[in-house]
Amino acid sequence: MSQSYVEKPDPALQEVEKSANGRAHRQAAVEASSWSKMVKADSVTGDQDLAYGQPAIVAVRWLMIISGLILAIWNVENLQDLRLSLIVIFLLAITNFYLQAQLLIKKPVIKPVVYGASAVDLLLITFLVATQGGYTSSIYVFYLPAIAAFSVAFPRWLTGIYVLFLMMVYWIIASVSVDSEQMIIIIRLLMIAAVAFCGSLYLTIERARRQEAGAYAEELRLAMGE
Amino acid sequence: MQSQRSLAQETAEDIFFGQLVIIYARWFVIVAMVVLALWSSSTISQLVSAVLIIVPLMAINFFVHGRYLMEKPVNRLLLTLLSSIDLLAITLLIIFWPTDRGLLNQFYIFYYPIVLAFAFVSTPRSSLLYTLASLVLYTAACFVIEPAMLMDSLWLERLTIRLITLAAMGVLGAYYWRSQRARMRQAIGPEPEFEPA
């Protein structure tokens, strides 16, 4: 690692360091650190975050549906498993088509429906994991894009509740499975937590940046107008 | 000139503020590796070998995190280099783990938060290249260890699931990067015009 990479930052970085945004960003992060302030901050901008995040949530669900369909018919072992998988996939597809239609006709976001649909995603993946071997099922990786999609769109407290609940349920299902290894289960749970944490952290950072940049731009406009 | 400079500044700001996400993703992977090392080592030499790999990773991440806290975060080139080292380290873990290797190895899951975090912070082109690199490295690692296993339909199915979901992480991160960039421009609004006195 060359010393020059550290000692000579980009000229653009120097501009950023001099700006008010850098100092204000840390101040905003400190102020938002308490629980009640976090919930309040989430509720103020939550509708916008959800509106921007909903296309990603819907797209990830289509990905799960198409992948699930291909994988369900790829290695069919018995008719009962195939029936169960197809029922789950078709139910998901119908729900997702409704949400996609809402997006296409630009209807406002109905929060309980979006939150409920993501909860159903996690429940359905959990159901498939539980019925296809628990610990040995590879389906658990579908949790990760589902969590990544909603962690940047949902309020942080809600992401936390969903992920904690999911981790508890998955830990129980995987632990009671045959041939389970606790070490691997813990590592999987850590990575689920990592994805949720990174998504929520990104949401927090970008929200603080937007607020400070907007306030700074407004001050500049007012100053120019004087 | 004005628009080129603001694009460069936007990218610099994304790196400046966003690298905390990469730092924390790496901390999660390091903690998981520590759990792995402490739990699975059955001899002193195994544990020492693991520690010799984990401690430099911790030192590098501590250095990067420290610089961020001092408001002197590292630049894009170094960030990309360190993220590439993350990918290589995970791939080597998959190839050289003593018990389960290649497709049988469960540590492919370490790729997910690393790819997502990188995609949140970098331009879509960089993040899609990074995602592609992770897919190629993982597939190559599986092929190297047990080429015959990939002719097995069941294992091919598992590999496909893992590659699809890993690719989804990169695409999601790139989508949210673009979305946040558009929202930032909306928040700032049009630039005020200079009126000379």
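As shown above, the structure is provided for reference.
Residues numbered from 1 in each chain as written. Chains lettered and ligands numbered in written order. Predicted model: local features only at pLDDT ≥ 70, side-chain atom pairs only at ≥ 80, totals over all residues. Heavy atoms only, no water.

## Structural notes on the overall build of chain B
So, step 1. Along chain B, the regular secondary structure elements total six helices and zero strands.
So, step 2. Going from the N terminus to the C terminus, chain B shows its helices and strands as α-α-α-α-α-α.
So, step 3. With respect to the three principal axes, the spread of C-alpha positions in chain B is 75 × 40 × 20 Å.
So, step 4. Expressed as a percentage of the 197 residues in chain B, the buried residues total 51%.
So, step 5. Taking contacts inside chain B between residues at least 6 apart in sequence as the whole, the part at least 24 apart equals 75%.
So, step 6. For chain B, the accessible area works out to roughly 9300 Å², and carbon and sulfur atoms hold 70% of it.
So, step 7. Side chains of chain B give 13 positive and 12 negative charges; the mean places of these two sets differ by 4 Å. (Helix = DSSP H or I, 4+ residues; strand = E, 2+ residues; numbered from the N terminus. Buried < 20%, exposed > 50% of the residue type's maximum accessible area, 1.4 Å probe, protein only. Contact = heavy atoms within 4.5 Å. Areas by Shrake-Rupley, 256 points an atom, 1.4 Å probe, with all protein chains shown as cover. Lys, Arg positive; Asp, Glu negative; His and termini not counted. Charge placed at Lys NZ, Arg CZ, Asp CG, Glu CD.)

## Some thoughts on unusual backbone geometry
So, step 1. We note that Asp179 of chain A has phi near 60°; this positive angle belongs to a residue other than glycine.
So, step 2. The topology assignment puts Asp179 of chain A in the loop between α8 (156-175) and α9 (182-225).
So, step 3. A positive phi is found at Glu71 of chain B, a non-glycine position, where the angle reads about 60°.
So, step 4. Mapping Glu71 of chain B onto the fold places it in the loop between α2 (44-69) and α3 (76-96).

## A look at the interface of chain A and chain B
Interfaces are often sized by the accessible area lost when the parts come together.
So, step 1. Contacts between the two partners involve 63 residues from chain A and, on the opposite side, 69 residues from chain B.
So, step 2. Roughly 6400 Å² of surface becomes buried between chain A and chain B when both sides are summed, with 73% attributable to carbon and sulfur atoms.
So, step 3. Applying the counting criterion to the chain A and chain B interface returns three salt bridges.
So, step 4. At the junction of chain A and chain B, the tally comes to nine residue pairs in polar contact (both at pLDDT 80 or more). (Buried area = accessible area lost by both parts, 1.4 Å probe. Salt bridge = Lys/Arg side-chain N within 4 Å of Asp/Glu carboxyl O. Polar contact = N/O pair within 3.5 Å; in protein donor to acceptor, adjacent residues only side chain to side chain.)

## Observations regarding α3 of chain B
All names here are of chain B.
So, step 1. Under the 1.5 Å per step criterion, the end-to-end length of α3 is 30 Å for 21 residues, consistent within 8% with the ideal 30 Å.
So, step 2. Within α3, the full set of buried residues consists of Leu78, Leu79, Leu82, Ser83, Asp86, Leu87, Ile90, Thr91, Leu93, Ile94 and Ile95.
So, step 3. Of the residues that open α3, the one with a side-chain oxygen 3.3 Å from the backbone nitrogen of Leu77 is Asn75. (Expected span 1.5 Å × (residues − 1).)

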